[in-house]
Amino acid sequence: MIVQPEGIFYQMLTVENIPNLVEEHLVKGRPVDKLMYVPSKGKPPIPKLSDIAFFSKQRLVVLKNRGLIDPEKIDEYIARDGYQALAKALTSMDSEQVIEQVKGSGLRGRGGAGFSTGLKWELTRKSSGNGKYIICNADEGDPGAFMDRSIIESDPHSVLEGMVIGAYAIGAAEGCIYIREEYPLATKRLHIAIDQAREYGLLGEDILGSGFSFDITVHRGAGAFVCGEETSLIGSLQGQTPEPRIRPPFPAQSGLWGKPTNINNVETWANIPTIINRGAEWFASIGTESSKGTKVFSVVGKVNNTGLVEVPMGMTMREIVFDIGGGIPGGKKFKAVQTGGPSGGCIPESLVDLPIDYERLMEVGSIMGSGGLIVMDEETCMVDVARYFLDFLRSESCGKCTTCREGIAAMHDIVADICNGKGEPENIGLLEELAEAIKDASLCALGGTAPNPVLSTLRYFRDEYDAHIKDKKCPAGVCRALISYRIDPEKCKGCMLCGKHCPEKAIGGEPKGPQTIDLEKCIKCGVCRESCKFEAVLIE
Amino acid sequence: MTQEISIKKNSNGKIGAVMVLGAGVAGIQASLDLADMGYKVYLVENKPSIGGAMAQLDKTFPTNDCAMCLLSPKLVDTARHPNIEIITNADLHKLDGEAGNFTAIIDKRPRYIDEEKCTGCGTCTNNCPVRNIAHFEDVDELGKVHLSQEDQQVIEQILAGHESERAAVISVLQDINARYRYLPEDILRHTAKALDIPLSRVYSIATFYNSFSLVPRGKYVVRVCMGTACHVKGGYQILQALERMLKIASGGTTEDNLFSLEEVRCLGCCGLAPVITVNEDLYGSVKQAKLPKILERYQDESVVAESTVGGTE
Ligand SMILES: Cc1cc2nc3c(=O)[nH]c(=O)nc-3n(C[C@H](O)[C@H](O)[C@H](O)COP(=O)(O)O)c2cc1C
Ligand code: FES
């Protein structure tokens, strides 16, 4: 909650806090310290929203309306300059000028590959053939990223406005939004937004009296990661089995129903109105040499402030994780940040000062992806993370290419063996060999980038692989076959909570005395460690 | 077309040619071995193509090797081997003679295409106006759909809702899935007919997407997020704890049909990791120790529901 005009920010409020707050602050004018944000234990609270690093370091372009408007009311969007860009484009610009602006802004696709949006529009526009389509890719498949969901839920009209402008520039008459079925609220809000826009004459026939007609339909996905890939998405829209197909022809030449099709990510579309409103130069003034504008990241995992942040391109990982994210909880040591989802890689602590843009991330063996930043601390095992991604990709591979289908499974089995303490030193070479084959021989980027999580963890965390293979130890204490639990008799107070939760009844001891774990019975589920209030359960 | 195979005898009176019946993987391997030993091999197969059942398998037992990866090099070798002649779409009509000197009469069914010129590009199947009857389906059963009146109404209604769509199949399946919480077989058959697409297409879509199930789900579907954020915060432990508590493996349904356990790839609430959902209810920052309480809520409800049913009897 924010109290204006001072801009005092209160957090984690419950109903019980409210009388006190109203009495103290609103009536007596005394801000309530204990409900304010505290950066870390022992530090003084920060009263003003604008002083809290989580907010002050951010720069809101795409998320500018988040929380400030009711997403189900088009009037509130319009009150904050909504649909002004559309009016500007339709009345005072021709389609080439719109494309010039988008090209000049340097906007690159936010869906993963980072292709220049203006260029893509131009290609589709120049493709011969009528009945062109545009598609909004809202199949946010990267686990750990949820910016597209948030944009649609909090500001659906910005996406619609971007799409109408794009359709005008490209010369498309129909648009599709392909949204994951895991996002029911976002789907509902999209439908509401589309209905309202139609009512206001901002969608449909003869938009704003300009003679330009365009309409949008919404399609739900059904839970397949590969459907985020553009050719597969188009297949899914056509009611086929969504297997990616070979490119060229690119969708810009032959896409949905064989027509030229322009496909962009939600965040890409949502950037368009601001670019048209404020101009290409303004947008291009934010960010780095090659990557312009802002990027929304979802900062999640082992970090104090989880959530979406929007920052200018080129901000360092350190600023995002430590200043905005507030560092690692529980005083644990930072280990790495994983970016780019299953196609990306891990950025180790040594590279934490790296300014983030498309090129730099590529250089260090990761990718921008859709913007999920998963923070990992010393208790995250990097071999296990590699195994996790391989497992993910193994089950999400559509199975069309043998190298992807079989190769990822083979890599998974090797890495799983390493996690289970059955690894051999020669496994590493084999992993690298398989990685090459999968990269070279897969048709779509799912297979083409699948080995990245393994290669990047091998590159930066080779010591962890060695520990698993040679010493049969998991330094982070994650891989079950290589660890055992023990209760520290010094710390244990004998509250017996762990024994109560233990599913195998493997914990014994006298009340108020130190407890012990029967390692024969222990299945290493970790519930004792999770429930211990005194941090007395150790992993060895 | 009937082909008669008879070959000149060798000096020892035996014939240096072998006929192999059935071009499954066993027949193919036998043919390759014989051909490598120098025999002329006639490989006769009833189906239009060689490969047999193995070509339809995904994996082989017990090593889980990829079936096609093992088979396809053999297929290519067989087709290219100068000592092997493949006779497909054919039946053995008559066999005369004795060991070392047989005469076989083979009936070859027509293909209506020029085998010499065909490159196997598949364009004809795509453009064929008549739907082919699959080889593997029981022809008598085909087209028999047993729907109750209620089901009939439901599916008609669903289909009517998507009449205007150009590719309605996914939306229709989604609606069926929302109504029944899985995809019943008879309804799928009906859908295939109504939309005029092959049943195999409907199945290939139904089995591709994670959100469809071909077996009935329990009253409550417990979904555990297996996204990255949830993984690093212990999602896997939660899944295993649920497997223990419900005594089912992930993907299974409890015997009383109360709970199904499924995995999902990121629910988009990664800030609350680890996350599980039970039907529409979402639980964030889940701990193993909290799970029994969560499950209990739904178990209790079922007790209530059951007792009211019992009371009306
Ligand atoms: C396996 C795979 C999954 C993808 N998933 C997504 C996704 O979830 N969301 C998305 O916007 N793009 C995804 N993409 C990228 C799209 O193919 C496409 O490049 C993108 O939608 C283009 O939009 P943009 O130019 O605005 O980035 C994926 C690509 C691959 C290969
Ligand atoms: S990773 Fe579990 S909700 Fe996103």
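Residues numbered from 1 in each chain as written. Chains lettered and ligands numbered in written order. Predicted model: local features only at pLDDT ≥ 70, side-chain atom pairs only at ≥ 80, totals over all residues. Heavy atoms only, no water.

## Focus: the overall build of chain A
Looking only at helices and strands, chain A features 22 helices and 15 strands. Here chain A has a C-alpha radius of gyration of 26 Å; the compact-globule value for 540 residues is 24 Å, and the two agree. Dimensions of chain A along its principal axes, counting C-alpha atoms only, are 85 × 70 × 40 Å. Across the 540 residues in chain A, those meeting the buried criterion constitute 56%. The long-range share in chain A, meaning contacts at least 24 apart out of those at least 6 apart in sequence, stands at 67%. Here chain A displays about 21800 Å² of accessible surface, and carbon together with sulfur accounts for 52% of that area. Across chain A, the mean location of the 60 positive side-chain charges is 3 Å away from that of the 72 negative side-chain charges. (Helix = DSSP H or I, 4+ residues; strand = E, 2+ residues; numbered from the N terminus. Rg over C-alpha atoms; globule rule 2.2 N^0.38 Å. Buried < 20%, exposed > 50% of the residue type's maximum accessible area, 1.4 Å probe, protein only. Contact = heavy atoms within 4.5 Å. Areas by Shrake-Rupley, 256 points an atom, 1.4 Å probe, with all protein chains shown as cover. Lys, Arg positive; Asp, Glu negative; His and termini not counted. Charge placed at Lys NZ, Arg CZ, Asp CG, Glu CD.)

## Some points on the site of ligand 1
Residue and element names in this part refer to chain A. The environment of ligand 1 is formed by 19 residues, the closest being Gly-111, Asn-137, Gly-141, Asn-265 and Thr-268. In the model, an oxygen atom of ligand 1 is placed 3.1 Å from a nitrogen or oxygen of the Glu-230 main chain. Residue Asn-265 places a side-chain N or O atom 2.6 Å away from an oxygen atom belonging to ligand 1. Contact with the protein chains hides 90% of the accessible area of ligand 1, taken as 610 Å² for the molecule alone. With three residues, the top contributor of residues to the shell around ligand 1 is strand E6 (residues 261-265). By residue class, the composition of the shell around ligand 1 is four nonpolar, nine polar and six charged. (Near = heavy atom within 4 Å. Polar contact = N/O pair within 3.5 Å; in protein donor to acceptor, adjacent residues only side chain to side chain. Nonpolar A, V, L, I, M, F, W, Y, C, P; charged D, E, K, R; others polar.)

## Observations regarding the sheet that holds strand E11 (residues 276-278) of chain B
Residue and element names in this part refer to chain B. Pairing in this open sheet of four strands is mixed, and the strands run E10-E9-E11-E12 from one edge to the other. On the outer flanks of this sheet lie strand E10 (259-264) and strand E12 (281-283), each paired with one strand and no other. If you compare each strand with its neighbour and ignore which way they point, the axes differ by 20° on average. Sheet topology places strand E9 (residues 220-225) next to E10; six bridges connect them, and they run parallel. (Pairing = 2+ DSSP bridges. Axes fitted to C-alpha atoms, helices over the stretch in contact; angles between N-to-C directions.)

## Brief notes about the state of the cysteines
Disulfide: a covalent bond connecting the sulfur atoms of a pair of cysteines. Under the defined criterion, the tally for this structure stands at one disulfide over all chains. With its sulfur 2.3 Å from that of its partner, Cys-66 of chain B forms a disulfide with Cys-69 of chain B. Taking the sign of the S-S torsion, about 80° here, the bridge from Cys-66 of chain B to Cys-69 of chain B comes out right-handed. Classification of Cys-69 of chain B as partly exposed rests on a relative accessible area of 33%. This cysteine, Cys-404 of chain A, is not joined by any disulfide, and Cys-401 of chain A carries the nearest cysteine sulfur, 6.0 Å off. The structure places no disulfide on Cys-474 of chain A, whose sulfur is separated from the nearest cysteine sulfur, that of Cys-381 of chain A, by 3.7 Å. By relative accessible area, which is 7% here, Cys-474 of chain A ends up buried. (Disulfide = S-S within 2.5 Å.)

## Considering helix H19 (residues 452-460) of chain A
Of the positions making up H19 of chain A, those classed as buried are Asn-452, Pro-453, Val-454, Ser-456, Thr-457 and Leu-458 of chain A. Buried-residue contacts for H19 of chain A involve strand E10 (345-348), helix H15 (382-396), helix H16 (402-419), helix H17 (427-441), helix H18 (445-449) and helix H20 (462-469) of chain A.

## Let's talk about the domain arrangement of chain B
Segmenting chain B into domains produces domain 1 (2-127), domain 2 (142-208) and domain 3 (220-308). In this structure, domain 1 of chain B and domain 3 of chain B have C-alpha centres spaced 53 Å apart. (Domains from an automatic or database assignment.)

## Brief notes about the interface of chain B and chain A
Facing 38 residues of chain B, the contacting portion of chain A comprises 56 residues. It is Phe-208, Thr-228 and Arg-265 of chain B that lose the most area in chain B upon contact with chain A, and together they represent 18% of the buried surface on that side. Applying the counting criterion to the chain B and chain A interface returns two salt bridges. Close ionic contact of Arg-220 of chain A with Asp-175 of chain B constitutes a salt bridge, the shortest N to O distance being 3.6 Å. For the side of chain B that touches chain A, the elements supplying multiple residues, two or more each, are helix H5 (169-180), helix H7 (199-208), helix H8 (228-232) and helix H9 (235-246) of chain B. Each residue belonging to the side of chain B that touches chain A can be placed in one class, and the counts come to 18 nonpolar, twelve polar and eight charged. (Buried area = accessible area lost by both parts, 1.4 Å probe. Salt bridge = Lys/Arg side-chain N within 4 Å of Asp/Glu carboxyl O.)

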